[in-house]
Amino acid sequence: MLTIYSDTHRLHYGQAELMDGKMQPCFEKPSRADMVLDRVKAVGLGEVRGPDEFGQSPLLRVHSAAYVEFLENAWKEWSALGRSHDALPLVWPVRGLRTDRIPADIDGKLGYFAMDAGVPITAGTWEAIRQSANVAMTAMQEVANGAKSAFALCRPPGHHAAADYMGGYCYLNNAAIAAQALLDRGAKKVAILDVDYHHGNGTQSIFYDRADVMFVSIHGDPMVEYPHFLGFADEYGAGPGFGFNHNYPLPHGAAWPMYEQALADGIRKIQAYAPDAVVVSLGVDTFKDDPISQFKLENSDYLTMGKMIAEIASPTLFVMEGGYAVEDIGVNAVNVLLGFEG
Ligand code: SP5
Ligand code: ZN
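In this text, all values refer to a predicted model and were calculated from it rather than measured experimentally. (Residues numbered from 1 in each chain as written. Chains lettered and ligands numbered in written order. Predicted model: local features only at pLDDT ≥ 70, side-chain atom pairs only at ≥ 80, totals over all residues.)

Participant: Explain the overall build of the protein to me, using residue names and the numbers behind them.
Facilitator: The secondary structure content of the protein amounts to 10 helices and 10 strands. At 18 Å, the protein has a C-alpha radius of gyration in line with the 20 Å of a compact globule built from 342 residues. Restricting the contact set of the protein to residue pairs at least 6 apart, pairs at least 24 apart contribute 75%. (Helix = DSSP H or I, 4+ residues; strand = E, 2+ residues; numbered from the N terminus. Rg over C-alpha atoms; globule rule 2.2 N^0.38 Å. Contact = placed C-beta atoms within 7 Å.)

So, in C-alpha coordinates, the structure goes:
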(Lines give C-alpha, C1' and ligand atoms only; values in the text may rest on other atoms or scores of the structure.)
(Ligands and ions follow the chains in the order given, each with its own letter.)
Protein backbone atom coordinates (compact mmCIF):
# COMPACT_ATOMS: atom_id res chain seq x y z
CA MET A 1 0.00 0.00 0.00
CA LEU A 2 1.25 3.47 -0.87
CA THR A 3 1.78 5.89 2.04
CA ILE A 4 1.67 9.66 1.58
CA TYR A 5 3.60 11.62 4.20
CA SER A 6 5.11 15.08 4.63
CA ASP A 7 7.62 16.29 7.22
CA THR A 8 5.80 19.63 7.25
CA HIS A 9 3.61 18.35 10.12
CA ARG A 10 6.54 19.22 12.41
CA LEU A 11 5.75 22.93 11.95
CA HIS A 12 2.65 22.40 14.10
CA TYR A 13 3.68 21.75 17.68
CA GLY A 14 1.39 23.24 20.32
CA GLN A 15 3.11 23.82 23.63
CA ALA A 16 0.27 23.02 26.01
CA GLU A 17 -3.38 22.04 26.35
CA LEU A 18 -5.81 22.38 29.22
CA MET A 19 -6.61 18.86 30.46
CA ASP A 20 -8.20 17.90 33.76
CA GLY A 21 -7.86 21.53 34.84
CA LYS A 22 -4.11 21.67 34.24
CA MET A 23 -1.97 23.01 31.42
CA GLN A 24 -0.15 19.93 30.17
CA PRO A 25 2.13 19.19 27.20
CA CYS A 26 0.02 18.59 24.08
CA PHE A 27 -0.87 14.93 23.50
CA GLU A 28 -1.11 15.62 19.77
CA LYS A 29 2.61 15.95 19.03
CA PRO A 30 5.02 15.38 16.12
CA SER A 31 6.46 12.09 17.43
CA ARG A 32 3.06 10.49 16.71
CA ALA A 33 3.55 10.76 12.97
CA ASP A 34 7.22 9.77 13.26
CA MET A 35 6.25 6.52 15.00
CA VAL A 36 3.70 5.65 12.32
CA LEU A 37 6.17 6.39 9.53
CA ASP A 38 8.88 4.29 11.24
CA ARG A 39 6.48 1.36 11.42
CA VAL A 40 5.38 1.74 7.79
CA LYS A 41 9.05 1.44 6.83
CA ALA A 42 9.89 -1.33 9.33
CA VAL A 43 7.22 -3.68 7.96
CA GLY A 44 7.86 -2.69 4.32
CA LEU A 45 4.23 -1.63 3.77
CA GLY A 46 5.17 -0.07 0.42
CA GLU A 47 6.37 3.13 -1.19
CA VAL A 48 6.33 6.36 0.84
CA ARG A 49 5.84 9.52 -1.21
CA GLY A 50 5.39 13.25 -0.52
CA PRO A 51 2.17 15.11 -1.27
CA ASP A 52 1.25 17.14 -4.35
CA GLU A 53 -0.12 20.67 -4.03
CA PHE A 54 -3.89 21.06 -4.45
CA GLY A 55 -4.35 24.66 -3.35
CA GLN A 56 -7.41 25.94 -1.51
CA SER A 57 -10.22 24.81 -3.80
CA PRO A 58 -10.65 21.32 -2.25
CA LEU A 59 -10.68 22.90 1.24
CA LEU A 60 -13.43 25.29 0.19
CA ARG A 61 -15.60 22.36 -0.96
CA VAL A 62 -16.18 21.46 2.72
CA HIS A 63 -15.09 24.51 4.75
CA SER A 64 -16.48 28.06 4.66
CA ALA A 65 -14.33 30.76 3.05
CA ALA A 66 -14.44 32.84 6.26
CA TYR A 67 -13.13 29.89 8.30
CA VAL A 68 -10.28 29.09 5.89
CA GLU A 69 -9.31 32.77 5.83
CA PHE A 70 -9.33 32.80 9.64
CA LEU A 71 -7.00 29.78 9.76
CA GLU A 72 -4.64 31.35 7.26
CA ASN A 73 -4.37 34.66 9.14
CA ALA A 74 -4.85 33.73 12.81
CA TRP A 75 -1.17 33.52 13.75
CA LYS A 76 -0.40 36.82 11.99
CA GLU A 77 -3.20 38.59 13.87
CA TRP A 78 -2.25 36.98 17.19
CA SER A 79 1.48 37.68 16.94
CA ALA A 80 0.84 41.27 15.79
CA LEU A 81 -0.33 41.87 19.39
CA GLY A 82 3.16 40.98 20.61
CA ARG A 83 2.09 37.50 21.71
CA SER A 84 4.58 34.71 21.10
CA HIS A 85 2.86 31.80 22.92
CA ASP A 86 0.28 29.56 21.16
CA ALA A 87 -2.96 31.25 20.17
CA LEU A 88 -5.86 29.65 22.10
CA PRO A 89 -9.60 30.44 22.27
CA LEU A 90 -11.08 31.39 25.61
CA VAL A 91 -14.66 32.52 25.00
CA TRP A 92 -17.45 30.82 23.04
CA PRO A 93 -20.85 31.91 21.69
CA VAL A 94 -23.07 29.45 23.56
CA ARG A 95 -26.89 29.54 23.83
CA GLY A 96 -28.38 32.98 23.44
CA LEU A 97 -25.22 34.77 22.36
CA ARG A 98 -24.83 36.41 18.95
CA THR A 99 -23.28 34.45 16.08
CA ASP A 100 -24.58 36.67 13.27
CA ARG A 101 -21.38 38.71 13.21
CA ILE A 102 -17.76 37.60 13.21
CA PRO A 103 -15.73 39.53 15.80
CA ALA A 104 -13.02 41.81 14.43
CA ASP A 105 -10.35 40.96 16.98
CA ILE A 106 -8.43 37.73 17.14
CA ASP A 107 -9.65 36.71 20.62
CA GLY A 108 -13.25 36.94 19.42
CA LYS A 109 -12.46 35.12 16.17
CA LEU A 110 -10.71 32.26 17.99
CA GLY A 111 -13.85 31.62 20.05
CA TYR A 112 -16.18 32.06 17.07
CA PHE A 113 -14.30 29.49 14.97
CA ALA A 114 -13.56 26.91 17.72
CA MET A 115 -15.57 24.36 19.71
CA ASP A 116 -12.94 23.97 22.47
CA ALA A 117 -9.46 25.00 23.61
CA GLY A 118 -7.71 21.94 22.22
CA VAL A 119 -6.58 23.73 19.10
CA PRO A 120 -3.41 25.78 19.60
CA ILE A 121 -2.43 27.90 16.61
CA THR A 122 1.32 28.38 16.25
CA ALA A 123 3.53 30.08 13.66
CA GLY A 124 3.64 26.93 11.50
CA THR A 125 0.08 25.67 12.01
CA TRP A 126 -1.38 26.96 8.74
CA GLU A 127 1.41 25.43 6.66
CA ALA A 128 1.13 22.11 8.54
CA ILE A 129 -2.66 21.81 8.25
CA ARG A 130 -2.61 22.81 4.58
CA GLN A 131 -0.03 20.12 3.93
CA SER A 132 -1.98 17.55 6.00
CA ALA A 133 -4.94 18.15 3.65
CA ASN A 134 -2.59 17.83 0.65
CA VAL A 135 -1.45 14.46 2.06
CA ALA A 136 -5.09 13.29 2.18
CA MET A 137 -5.75 14.65 -1.32
CA THR A 138 -2.68 12.94 -2.81
CA ALA A 139 -3.64 9.57 -1.32
CA MET A 140 -7.24 10.20 -2.47
CA GLN A 141 -5.97 10.74 -6.02
CA GLU A 142 -4.29 7.33 -5.92
CA VAL A 143 -7.60 5.68 -5.00
CA ALA A 144 -9.52 7.77 -7.57
CA ASN A 145 -7.02 6.53 -10.18
CA GLY A 146 -7.82 2.91 -9.40
CA ALA A 147 -5.63 1.82 -6.49
CA LYS A 148 -7.25 -0.68 -4.14
CA SER A 149 -6.10 1.37 -1.15
CA ALA A 150 -3.79 4.15 0.03
CA PHE A 151 -2.68 5.53 3.38
CA ALA A 152 -2.70 9.27 4.11
CA LEU A 153 -0.39 9.71 7.10
CA CYS A 154 -2.03 12.99 8.07
CA ARG A 155 -0.98 15.15 10.99
CA PRO A 156 -2.66 17.22 12.39
CA PRO A 157 -5.82 15.07 12.39
CA GLY A 158 -9.16 16.35 11.07
CA HIS A 159 -12.40 14.65 12.10
CA HIS A 160 -13.48 17.12 14.83
CA ALA A 161 -13.21 20.06 12.39
CA ALA A 162 -16.56 21.06 10.86
CA ALA A 163 -17.39 23.42 7.99
CA ASP A 164 -16.57 26.49 10.07
CA TYR A 165 -14.97 25.47 13.35
CA MET A 166 -11.89 23.74 14.72
CA GLY A 167 -11.67 21.57 17.82
CA GLY A 168 -10.08 18.50 19.39
CA TYR A 169 -6.63 18.95 17.76
CA CYS A 170 -8.33 19.29 14.33
CA TYR A 171 -8.37 22.28 11.92
CA LEU A 172 -9.08 21.07 8.38
CA ASN A 173 -11.18 17.92 8.01
CA ASN A 174 -8.82 15.80 5.90
CA ALA A 175 -11.22 12.84 5.58
CA ALA A 176 -14.16 15.05 4.55
CA ILE A 177 -12.01 16.95 2.06
CA ALA A 178 -10.90 13.64 0.51
CA ALA A 179 -14.43 12.19 0.48
CA GLN A 180 -15.78 15.30 -1.28
CA ALA A 181 -12.90 15.15 -3.77
CA LEU A 182 -13.76 11.53 -4.60
CA LEU A 183 -17.32 12.65 -5.37
CA ASP A 184 -15.97 15.54 -7.45
CA ARG A 185 -13.93 13.01 -9.44
CA GLY A 186 -16.93 10.90 -10.35
CA ALA A 187 -17.80 8.72 -7.35
CA LYS A 188 -21.57 8.66 -6.76
CA LYS A 189 -21.48 7.39 -3.16
CA VAL A 190 -18.72 7.48 -0.56
CA ALA A 191 -18.85 5.89 2.89
CA ILE A 192 -16.77 7.26 5.76
CA LEU A 193 -15.99 4.76 8.52
CA ASP A 194 -14.66 6.58 11.60
CA VAL A 195 -12.91 4.23 14.04
CA ASP A 196 -11.23 6.94 16.13
CA TYR A 197 -12.11 6.68 19.84
CA HIS A 198 -13.85 10.06 19.69
CA HIS A 199 -16.98 10.77 17.69
CA GLY A 200 -16.19 12.48 14.36
CA ASN A 201 -18.53 15.39 15.00
CA GLY A 202 -16.99 17.53 12.25
CA THR A 203 -17.35 14.89 9.56
CA GLN A 204 -20.88 13.99 10.63
CA SER A 205 -22.02 17.61 10.57
CA ILE A 206 -20.48 18.31 7.16
CA PHE A 207 -22.44 15.48 5.50
CA TYR A 208 -25.46 15.24 7.81
CA ASP A 209 -28.09 16.29 5.27
CA ARG A 210 -26.63 14.43 2.30
CA ALA A 211 -27.28 11.00 0.83
CA ASP A 212 -24.07 10.83 -1.24
CA VAL A 213 -21.93 10.31 1.86
CA MET A 214 -22.73 7.71 4.52
CA PHE A 215 -21.07 8.36 7.87
CA VAL A 216 -20.53 5.48 10.31
CA SER A 217 -18.75 6.09 13.61
CA ILE A 218 -17.84 3.86 16.58
CA HIS A 219 -16.74 5.84 19.63
CA GLY A 220 -16.90 6.54 23.34
CA ASP A 221 -20.46 7.39 24.45
CA PRO A 222 -20.75 11.21 24.33
CA MET A 223 -22.75 11.11 27.59
CA VAL A 224 -19.40 10.40 29.27
CA GLU A 225 -16.79 11.29 26.66
CA TYR A 226 -15.51 14.11 24.47
CA PRO A 227 -16.95 15.68 22.28
CA HIS A 228 -20.01 15.39 24.59
CA PHE A 229 -22.44 17.26 22.33
CA LEU A 230 -22.75 15.01 19.26
CA GLY A 231 -22.41 11.33 18.41
CA PHE A 232 -25.54 9.76 19.95
CA ALA A 233 -27.25 6.70 18.49
CA ASP A 234 -30.40 8.63 17.51
CA GLU A 235 -28.57 10.83 14.98
CA TYR A 236 -29.62 9.29 11.65
CA GLY A 237 -29.14 12.23 9.30
CA ALA A 238 -31.50 14.99 8.16
CA GLY A 239 -33.64 15.65 5.07
CA PRO A 240 -32.23 13.74 2.09
CA GLY A 241 -29.45 12.53 4.41
CA PHE A 242 -31.84 10.70 6.73
CA GLY A 243 -30.72 7.08 7.14
CA PHE A 244 -27.15 7.80 6.01
CA ASN A 245 -25.64 8.50 9.44
CA HIS A 246 -24.98 5.74 11.96
CA ASN A 247 -23.41 6.19 15.38
CA TYR A 248 -22.27 3.41 17.69
CA PRO A 249 -21.56 4.94 21.10
CA LEU A 250 -19.90 2.38 23.40
CA PRO A 251 -19.29 2.55 27.17
CA HIS A 252 -15.97 3.16 28.87
CA GLY A 253 -14.06 -0.10 29.14
CA ALA A 254 -15.32 -1.51 25.84
CA ALA A 255 -12.97 -4.25 24.60
CA TRP A 256 -12.76 -6.09 21.30
CA PRO A 257 -15.85 -8.37 21.57
CA MET A 258 -18.17 -5.39 22.03
CA TYR A 259 -16.25 -3.27 19.53
CA GLU A 260 -16.35 -6.04 16.93
CA GLN A 261 -20.14 -6.28 17.10
CA ALA A 262 -20.51 -2.55 16.47
CA LEU A 263 -17.93 -2.65 13.67
CA ALA A 264 -19.60 -5.65 12.01
CA ASP A 265 -22.97 -3.88 12.13
CA GLY A 266 -21.50 -0.64 10.74
CA ILE A 267 -19.80 -2.58 7.96
CA ARG A 268 -23.11 -4.25 7.07
CA LYS A 269 -24.66 -0.79 6.74
CA ILE A 270 -21.82 0.29 4.45
CA GLN A 271 -22.11 -2.88 2.34
CA ALA A 272 -25.84 -2.31 1.90
CA TYR A 273 -25.06 1.26 0.78
CA ALA A 274 -22.63 -0.14 -1.84
CA PRO A 275 -20.28 2.86 -1.95
CA ASP A 276 -17.88 3.55 -4.82
CA ALA A 277 -15.16 4.21 -2.24
CA VAL A 278 -14.58 4.06 1.51
CA VAL A 279 -12.66 6.62 3.58
CA VAL A 280 -11.51 5.29 6.94
CA SER A 281 -10.88 7.89 9.64
CA LEU A 282 -8.13 5.85 11.26
CA GLY A 283 -7.69 6.79 14.89
CA VAL A 284 -6.05 4.25 17.16
CA ASP A 285 -6.88 5.96 20.46
CA THR A 286 -9.14 2.93 21.10
CA PHE A 287 -5.96 1.20 22.37
CA LYS A 288 -5.94 -0.06 25.97
CA ASP A 289 -2.96 2.12 26.96
CA ASP A 290 -4.13 5.35 25.32
CA PRO A 291 -3.54 8.12 27.88
CA ILE A 292 -6.79 10.06 27.21
CA SER A 293 -9.19 7.26 26.19
CA GLN A 294 -11.14 4.42 27.81
CA PHE A 295 -11.45 1.50 25.38
CA LYS A 296 -9.44 -1.69 25.72
CA LEU A 297 -8.31 -2.79 22.26
CA GLU A 298 -5.11 -4.84 22.00
CA ASN A 299 -2.39 -4.64 19.33
CA SER A 300 -3.68 -7.73 17.50
CA ASP A 301 -7.27 -6.43 17.40
CA TYR A 302 -6.17 -3.86 14.83
CA LEU A 303 -5.18 -6.67 12.43
CA THR A 304 -8.72 -8.05 12.71
CA MET A 305 -10.16 -4.56 12.24
CA GLY A 306 -8.25 -4.19 8.96
CA LYS A 307 -9.37 -7.63 7.80
CA MET A 308 -13.02 -6.74 8.48
CA ILE A 309 -12.70 -3.43 6.60
CA ALA A 310 -11.29 -5.31 3.59
CA GLU A 311 -14.51 -7.34 3.45
CA ILE A 312 -16.36 -4.23 2.30
CA ALA A 313 -14.44 -4.86 -0.94
CA SER A 314 -14.43 -1.23 -2.04
CA PRO A 315 -11.46 1.05 -2.88
CA THR A 316 -10.31 2.32 0.52
CA LEU A 317 -8.50 5.46 1.62
CA PHE A 318 -7.09 5.38 5.14
CA VAL A 319 -6.70 8.81 6.75
CA MET A 320 -4.76 9.08 10.02
CA GLU A 321 -6.66 10.65 12.91
CA GLY A 322 -5.97 10.26 16.69
CA GLY A 323 -3.94 7.89 18.87
CA TYR A 324 -1.82 9.12 21.78
CA ALA A 325 -0.09 6.01 23.13
CA VAL A 326 2.97 7.01 21.12
CA GLU A 327 4.92 3.77 21.75
CA ASP A 328 2.15 1.72 20.12
CA ILE A 329 0.62 4.12 17.60
CA GLY A 330 2.77 2.82 14.73
CA VAL A 331 2.11 -0.85 15.43
CA ASN A 332 -1.63 -0.30 15.84
CA ALA A 333 -2.17 1.94 12.80
CA VAL A 334 -0.04 -0.24 10.53
CA ASN A 335 -1.70 -3.40 11.87
CA VAL A 336 -5.00 -2.12 10.43
CA LEU A 337 -3.31 -1.63 7.05
CA LEU A 338 -1.60 -5.05 7.19
CA GLY A 339 -4.86 -6.71 8.23
CA PHE A 340 -6.59 -5.00 5.29
CA GLU A 341 -3.97 -6.27 2.84
CA GLY A 342 -4.37 -9.81 4.23
C1 SP5 B 1 -8.34 13.64 16.90
C2 SP5 B 1 -8.59 13.33 18.34
O3 SP5 B 1 -8.46 12.19 18.75
N4 SP5 B 1 -8.92 14.34 19.15
C5 SP5 B 1 -9.18 14.12 20.52
C6 SP5 B 1 -9.45 15.36 21.28
C7 SP5 B 1 -9.73 15.07 22.73
N8 SP5 B 1 -9.76 16.25 23.50
C9 SP5 B 1 -10.25 16.24 24.84
C10 SP5 B 1 -10.12 14.96 25.57
C11 SP5 B 1 -10.60 15.02 26.99
C12 SP5 B 1 -10.36 13.70 27.62
N13 SP5 B 1 -10.48 13.68 29.01
C14 SP5 B 1 -9.87 12.50 29.54
C15 SP5 B 1 -9.21 12.71 30.83
C16 SP5 B 1 -7.93 11.89 30.89
N17 SP5 B 1 -7.15 12.23 32.05
ZN1 ZN C 1 -9.65 10.61 18.97
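Past the structure itself, the notes keep going.
Participant: Run through the confidence of the model for the protein, naming residues and quoting values.
Facilitator: Predicted confidence across the protein gives a mean pLDDT of 98, with 100% of residues reaching 70 or more. As scored by the predictor, the complex reaches a pTM of 0.98 and an ipTM of 0.97. (pLDDT = per-residue confidence, 0-100.)

Participant: Could you give an account of unusual backbone geometry, with specific residues and numbers?
Facilitator: Where the residue is not glycine, phi is negative for most of them; where a peptide bond is considered, it is trans in most cases. A cis amide bond links Arg155 with the next residue in sequence, Pro156, at an omega value of 0°. Take Pro156: it is sitting in the loop between strand S5 (149-152) and helix H6 (174-184). Backbone torsion omega between Tyr226 and Pro227 reads 10°, so that peptide bond is classified as cis. You can see Pro227 is positioned in the loop between strand S7 (213-220) and strand S8 (245-250). With phi around 55°, Asp20 is a residue other than glycine that occupies positive phi space. With respect to the helices and strands, Asp20 occurs in the loop between strand S2 (16-19) and strand S3 (22-25). Judged by the 6 C-beta atoms lying within 10 Å of it, Asp20 falls in the exposed class. With a phi close to 75°, Tyr169 is a non-glycine residue in the positive phi region. The topology assignment puts Tyr169 in the loop between S5 and H6. (Buried ≥ 20, exposed ≤ 12 C-beta atoms within 10 Å, placed from the backbone.)

Participant: Before we move on, could you go through helix H3 (residues 65-79) and cite the residues and values that matter?
Facilitator: The end-to-end C-alpha separation of H3 is 22 Å, in line with the 21 Å expected for 15 residues at 1.5 Å each. At Asn73, H3 shows its maximal kink, close to 50°. Those residues of H3 lying buried are Tyr67, Phe70, Leu71, Ala74, Trp75 and Trp78. (Expected span 1.5 Å × (residues − 1). Bend = angle between axes of the 7 residues up to and from the residue.)

Participant: Describe the nonpolar core, naming the residues involved and giving the relevant values.
Facilitator: With 106 residues, the main nonpolar core has Ala136, Ala152, Ala178, Val279, Leu317 and Val319 as its most contacted residues. Ranked by residue count, the leading element in this core is helix H5 (residues 125-144), at 11 residues. If we ignore the near neighbours within four places in the chain, the residues touching Ala136 are Ala152, Cys154, Asn174, Ala175, Ile177, Ala178 and Val319. (Core = buried A, V, L, I, M, F, W, Y, C linked by C-beta atoms within 7 Å.)

Participant: Can you lay out the environment of Gly44 for me, pointing to particular residues and giving the numbers?
Facilitator: Checked against the element boundaries, Gly44 lands in the loop between helix H1 (30-42) and strand S4 (48-49). On the basis of neighbour counts, which here come to 6 C-beta atoms within 10 Å, the residue Gly44 falls in the exposed class. For the pair Gly44 and Met1, spaced 43 residues apart in sequence, the C-alpha to C-alpha distance is 9.4 Å.

Participant: Tell me about H6, residues and numbers included.
Facilitator: Among the 11 residues in H6, 9 count as buried, and that is most of the element. Of the residues making up H6, those classed as buried are Asn174, Ala175, Ala176, Ile177, Ala178, Ala179, Gln180, Ala181 and Leu182. In the stretch just after H6, Gly186 is the one whose phi turns positive, near 115°.

Participant: With reference to specific residues and values, describe the packing of helix H8 (residues 256-273) against helix H9 (residues 301-310).
Facilitator: It is the contact of H8 with H9, at a shortest axis distance of 11 Å, that shows an interaxial angle of 15°. Considering their axes alone, H8 and H9 lie roughly parallel with respect to each other. At the point where H8 passes H9, the crossing takes the right-handed sense. Counting all contacts with H8, which are made through Trp256, Leu263, Ala264 and Ile267, the residues of H9 involved are Asp301, Met305 and Met308. Of the residues belonging to the contact of H8 with H9, the class tally is 6 nonpolar, no polar and 1 charged. (Axes fitted to C-alpha atoms, helices over the stretch in contact; angles between N-to-C directions. Parallel < 35°, antiparallel > 145°, perpendicular 65-115°, else oblique. Left-handed = near helix turned anticlockwise from the far one by under 90°. Nonpolar A, V, L, I, M, F, W, Y, C, P; charged D, E, K, R; others polar.)

Participant: Describe in detail the pairing of S7, supporting the description with residues and values.
Facilitator: Of all 8 residues making up S7, 8 are buried, and the element is well covered by its neighbours. Across 5 bridges, strand S6 (residues 190-194) lies against S7 in parallel orientation. Directly across from Val190, in S7, lies its bridge partner Val213. With helix H7 (residues 201-207) bridging S6 and the parallel S7, this β-α-β connection has right-handed handedness. Bridge analysis of S7 against S8 gives 6 bridges, and the strand direction is parallel. Among the inter-strand pairings, His219 is bridged to a residue of S8, identified as Pro249. (Pairing = 2+ DSSP bridges. Right-handed = clockwise from strand over helix to strand, strands pointing away.)

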